[in-house]
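Breakdown of the fold
Below are the chains, spelled out letter by letter.
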4 protein chains.
Amino acid sequence: MSITLAQAEKLSNTAKIKATEIGVAMNIAIVDEGANLVSFHRMDNAWLGSIDIAIKKAKTARYFDMNSGEIGKLSQPGGPLYNIEHSNGGLISFPGGVVLKNSDGKIIGAIGVSGGTVEQDHEVASAANESSNF
Amino acid sequence: MSITLAQAEKLSNTAKIKATEIGVAMNIAIVDEGANLVSFHRMDNAWLGSIDIAIKKAKTARYFDMNSGEIGKLSQPGGPLYNIEHSNGGLISFPGGVVLKNSDGKIIGAIGVSGGTVEQDHEVASAANESSNF
Amino acid sequence: MSITLAQAEKLSNTAKIKATEIGVAMNIAIVDEGANLVSFHRMDNAWLGSIDIAIKKAKTARYFDMNSGEIGKLSQPGGPLYNIEHSNGGLISFPGGVVLKNSDGKIIGAIGVSGGTVEQDHEVASAANESSNF
Amino acid sequence: MSITLAQAEKLSNTAKIKATEIGVAMNIAIVDEGANLVSFHRMDNAWLGSIDIAIKKAKTARYFDMNSGEIGKLSQPGGPLYNIEHSNGGLISFPGGVVLKNSDGKIIGAIGVSGGTVEQDHEVASAANESSNF
């Protein structure tokens, strides 16, 4: 079972509302169980470079079934996953990618948000995730 | 002046309604004036391979300011633009990419649709475009 | 001996004048003896997709020391260089790429033009080349 | 509104004069509002490897609407944007990429300079930017 487009759109809309609240224009990407893109939205005037980053954050989270920032803790110089970002056509390993689970705890996809500080990106992705009711 | 996210979402929604009408699950991508992605929607059960194709169709239309299928007429063996598809990281030169203009005739972006036959893809992209009122 | 920036700019300027004369906005790229970019100019409102094509035409011409359209004659289905466009990160094998020689007949670079029909592209590239006096 | 070719050429020329003054051969790239290349100039004997770097610096600045060196401060090991350089087909996050604004403060493109030390690259890019009067 995977996230549906209707669920992704609802999630993305919640993210947009949260982004508007904190005053940052965000790029919001959602991938399914297979790490394939389901939806993408770039808010007006959001950074162009964050299109790719939002998508890569969502994919990174689903690739390893953990929030993107967790990978970054392990990929530092001297760390066990040093430079893992070279794999899979490029990972983004800082916060803003969040795993999406259904009520049974099964992973059904991931959301990636980019456009502000990493704290803001993670805040928006998490707010969307917490509002969901899959 | 470029397409806004609100305009892109409305356009994408019209495309989804048309796709549902003809019974085909589509991938729908919209790029702005600078050929950068604004929105993407994959309808449930739409082909995974069409994610990239829908995005490339939209980009191809904006790259050359003509519908993607026009490029394909010129890129056949023996044609003047043979194998132009090797440029720009990969073009898609069959129908389904349609240029978007505002009421002054200025190009503000493009839409790319993929998931059915090329006739269906073009039909859905055109229906969305014709319904628009930029 | 390779083309200098001053020579490239003069050449590019001649190309722009010719393009303006025939009423087409062109992308104009010039590479040196080593097939490395020396100069690039995109005229206002020229096709975005032709940035990459102009650069690839210039490189293709210098890669094989013949005008880009000559490659296209050989790369057709059944031809001796079928699908050679897959090499070198993507070739463009239709007209618009022209080899540049000095007065001794030595190749010193190439020019690539894209933005109109292939005939127009070749016309502009040739006009620049013929005006040169290296 | 985006930078025009005439504006880009004037800017690039100012950069060349500054580069000549400080005795370094530079590569100078200018992108428009959509992060698409408008002009490129490689001064004679400038580093070949800096062709791509100058272009990537200009794109990086426009992708995130800040000078390229600002990204590099955040992308160090342990920093919030560690390894962001893996996105967008490769970023360059050290100085030399500078955002270009018009008199209303609107971003209309970016300039990227590469060929000397990062201080020299930034100096040349900034000198061009400061001389502009968009």
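Fair warning: this is a prediction, and the values are worked out from it, not measured in the lab. (Residues numbered from 1 in each chain as written. Chains lettered and ligands numbered in written order. Predicted model: local features only at pLDDT ≥ 70, side-chain atom pairs only at ≥ 80, totals over all residues. Heavy atoms only, no water.)

Attention now goes to the interface of chain A and chain D. Taken together, the 20 residues of chain A in the interface contact 18 residues of chain D. When chain A packs against chain D, the two sides together hide about 1,400 Å² of surface, and 62% of this comes from carbon and sulfur. It is Trp47, Leu48 and Phe94 of chain A in chain A that bury the most area against chain D; as a group they hold 36% of the surface buried on that side. Across the contact surface, chain A and chain D share 0 salt bridges. At the surface where chain A touches chain D, the tally comes to 10 residue pairs in polar contact (both at pLDDT 80 or more). (Contact = heavy atoms within 4.5 Å. Buried area = accessible area lost by both parts, 1.4 Å probe. Salt bridge = Lys/Arg side-chain N within 4 Å of Asp/Glu carboxyl O. Polar contact = N/O pair within 3.5 Å; in protein donor to acceptor, adjacent residues only side chain to side chain.)

Moving on to the relation of the copies chain A and chain D. What relates the pair of chain copies is a rotation about an axis plus a shift along that axis. Once turned by 91 degrees and shifted 0.1 Å along the axis, chain A lies on chain D with an RMSD of 0.2 Å. Read as a symmetry element, the transformation amounts to a four-fold axis. The residues that chain A uses at the interface reappear at the interface of chain D in only 20% of cases, marking distinct surfaces. (Least-squares fit on C-alpha atoms with pLDDT ≥ 70 in both.)

So, about the environment of Asp52 of chain D. Residue and element names in this part refer to chain D. You can see Asp52 is positioned in helix α2 (residues 50-64). Judged by relative accessible area, which is 41%, Asp52 ranks as partly exposed. In the structure, Asp52 is positioned 62 residues away from Ser114 in sequence and 8.9 Å away in space, judged by C-alpha atoms. (Helix = DSSP H or I, 4+ residues; strand = E, 2+ residues; numbered from the N terminus. Buried < 20%, exposed > 50% of the residue type's maximum accessible area, 1.4 Å probe, protein only.)

Here the focus is unusual backbone geometry. Of note, the phi angle at Asp65 of chain B is positive, near 50 degrees, even though the residue is not glycine. By the element assignment, Asp65 of chain B lies in the loop between α2 (50-64) and α3 (68-74). The backbone of Ala35 of chain C shows a phi angle near 65 degrees, a positive value even though the residue is not glycine. Residue placement: Ala35 of chain C occurs in the loop between β1 (27-32) and β2 (37-42).

This paragraph deals with the sheet that holds strand β4 (residues 107-114) of chain B. Read from one edge to the other, the open sheet built from 8 strands follows the order β3(A)-β4(A)-β1(A)-β2(A)-β2(B)-β1(B)-β4(B)-β3(B), with strand pairing classed as antiparallel. In the strand order of this sheet, the two ends are held by β3 (97-101) of chain A together with β3 (97-101) of chain B, each with one partner. For this sheet the average axis-to-axis angle between neighbouring strands, irrespective of direction, equals 20 degrees. Pairing of strand β1 (residues 27-32) of chain B with strand β2 (residues 37-42) of chain B involves 5 bridges; the strand directions are antiparallel. (Pairing = 2+ DSSP bridges. Axes fitted to C-alpha atoms, helices over the stretch in contact; angles between N-to-C directions.)

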